Each structure stands twice: as structure tokens, then as C-alpha cells.
Amino acid sequence: MESIRLTTQLTLWLAPIEEKIRLIVAEGETELACRKEKKKNLIDYLTTDKTDLFKGRLQLKKRDSHIEVHLKGQIIGMLRAEDFKERLNKIQ
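Residues numbered from 1 in each chain as written. Predicted model: local features only at pLDDT ≥ 70, side-chain atom pairs only at ≥ 80, totals over all residues. Heavy atoms only, no water.

K.L.:
Describe the overall build of the protein chain, naming the residues involved and giving the relevant values.
P.N.:
Assigned secondary structure in the protein chain consists of two helices and eight strands. Scaling as 2.2 N^0.38, a compact globule of 92 residues should have a C-alpha radius of gyration of about 12 Å, and the protein chain matches this with 12 Å. Seen along its three principal axes, the alpha-carbon backbone of the protein chain occupies a region of about 30 × 30 × 20 Å. Considering the protein chain as a whole, with its 92 residues, one finds that 41% of them fall into the buried category. Considering only intrachain contacts with a sequence separation of at least 6, the fraction spanning at least 24 residues in the protein chain is 28%. (Helix = DSSP H or I, 4+ residues; strand = E, 2+ residues; numbered from the N terminus. Rg over C-alpha atoms; globule rule 2.2 N^0.38 Å. Buried < 20%, exposed > 50% of the residue type's maximum accessible area, 1.4 Å probe, protein only. Contact = heavy atoms within 4.5 Å.)

Here it is in C-alpha cells:
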């Protein structure tokens, strides 16, 4: 499992689950939202012109070389797209 710190309180966790990756936004030990997606689809998202991923409570929006993480329509953090890709590649 890989983690990316979004703020001092919020973390984005990437957990392998069967053939998918579970993306979890957590505040400490409390899960606020999660999505399951195939690793291939996440990599495709990073390498194409597609800017939005997911609908609903948890969303990712690509802006230039960064990804905004949205929770319930509000930006809760940003991360570099390259950091996200590196973390994805570490997951088998």
C-alpha cells in the first residue's frame, strides 16, 4: 500500500485489491471516501488528455502537471502527476 500526504490531516492511500487499485482519502484512520479502478485505467488517465476521473464523492482532476483531489466538490489537496505515477508503478 502506498500513501500520498494531501494536507497535514488528509492522506490519499493506494491499495491493491485483486486486479484493481483502491484509492482511499483518509483523515487519520477514518476513511472519508474511496474508489476502485483498474491500474491500467489510472495510468491511461495520466498519459492522455483526459482531465477528469471519477464522478461522485471522490474525483481527480488533472491540471497541467498536477492532480487536484476533490471530495464532495471541494479541492482537498493537490499532488504532482509524476508522484502519483511513481506510486502506482510501485504497486504490483
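Read on, since the account is not over.
K.L.:
Tell me about the environment of Thr 30, residues and numbers included.
P.N.:
Here Thr 30 lies in strand β4 (residues 30–38). Sequence separation between Thr 30 and His 70 is 40 residues; the distance between their C-alpha atoms is 17 Å.

K.L.:
Describe helix α2 (residues 81–90), naming the residues involved and giving the relevant values.
P.N.:
When α2 is considered as a whole, its buried residues turn out to be Ala 81, Phe 84 and Leu 88. Looking down the long axis of α2, one finds its buried residues gathered within 60° of arc, a one-sided arrangement. (Arc of directions from axis to C-beta.)

Worth remembering: the numbers are spatial, not functional.
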